[in-house]
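Below, each chain spelled out in residue letters.
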Amino acid sequence: FKKTSWPIKTLGELSLIITKGSSPNWQGFEYSETGIVFVRSQNVGWGHLDLADVAHLPKTFNQKEKKSILKSGDVLLNIVGASIGRAAVANDEVEGGNVNQAVAVIRPLKNFLSEKFLVYFLLSEKAQAVIHSQKVDVARANLSLEQIRNLSISLPPFAEQTRIVAEVERRLSVVEELEAVVKLNLGRATRLRQAILQRAFSGGLV
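### Focus on unusual backbone geometry
Although it is not a glycine, N111 sits at a positive phi angle of roughly 70°. Relative to the elements of secondary structure, N111 occurs in the loop between β8 (103–108) and α2 (115–122).

Given below as structure tokens:
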């Protein structure tokens, strides 16, 4: 992508809120079958949400943790443990839910910073290098909210952000198609290998 004189901004300047949730155990809550969606670090993948094993909490948890109630379009960033740096956009499925202390919630300023542009930036090699250089290893690696607020980003005009996101997604779709072909061919190779071995040990190759 051709870069001109894009201004350098911090995420703190470009966000309505940068916060995180808390442990339900600390607040006296237990997981429930129904209720609000509770996003944990394992639910935040590399550019996507994985809600296959998502937890739920009673709605009253939101009364305790109002600051981290999710809105569609929030950017979620893992800030604790081995999955530090994974990021994804919150969708309608998690709106009104909440997060634990391992997930930061970044709410970009509307029409200034695209949530998808921010996610792709956070997943970029440059941002990942900064994130992992700043993490602190105590019992578990962690990244502070202040470090996130101070993270610098080159900010193109909003229309240019939209164009960049579209081009990134187009190129990623090509990669995903190639991965699918490779996976299919690996499956075929595995089945062929098994067939050859079966024939070999049943006398079929003699």
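### Section: the environment of G21
With respect to the helices, strands and loops of the structure, G21 is situated in the loop between β2 (15–20) and β3 (36–39). Considering only alpha carbons, one finds G21 and Q101, 80 residues apart in sequence, at a separation of 4.6 Å. When near neighbours in sequence (up to four residues on either side) are disregarded, G21 contacts E65, S68, V99, N100, Q101 and V103.

### Quick notes on the pairing of strand β5 (residues 75–78)
Burial along β5 is two-sided: the residues V75 and L77 and L76 and N78 are all buried. In this structure, β5 lies alongside strand β6 (residues 87–89), joined through three bridges in antiparallel fashion. What sits directly across from V75, in β6, is V89. As paired elements, β5 and β8 share four bridges and run antiparallel to each other. Of the residues in β8, the one forming a bridge with N78 is V103.

### Points about the nonpolar core
Counting residues in each nonpolar core, the largest one holds 31 residues, and the members touching the most others are L11, L77, I106, L118, L122 and I148. Within the residue set of this core, elements represented by two or more residues are β5, β8, α2, α3 (125–134), α4 (145–149) and α5 (158–200). The element contributing the most residues to this core is α2, with five residues. Setting aside residues up to four positions removed in sequence, I148 forms contacts with L11, I18, L77, I79, A104, I106 and L143. Core analysis: the next-biggest nonpolar cluster, separate from the first, contains 13 residues, V44, L51, A90 and V99 among them.

Cut-offs applied
Residues numbered from 1 in each chain as written. Predicted model: local features only at pLDDT ≥ 70, side-chain atom pairs only at ≥ 80, totals over all residues. Heavy atoms only, no water. Helix = DSSP H or I, 4+ residues; strand = E, 2+ residues; numbered from the N terminus. Contact = heavy atoms within 4.5 Å. Buried < 20%, exposed > 50% of the residue type's maximum accessible area, 1.4 Å probe, protein only. Pairing = 2+ DSSP bridges. Core = buried A, V, L, I, M, F, W, Y, C linked by side-chain atoms within 4.5 Å.

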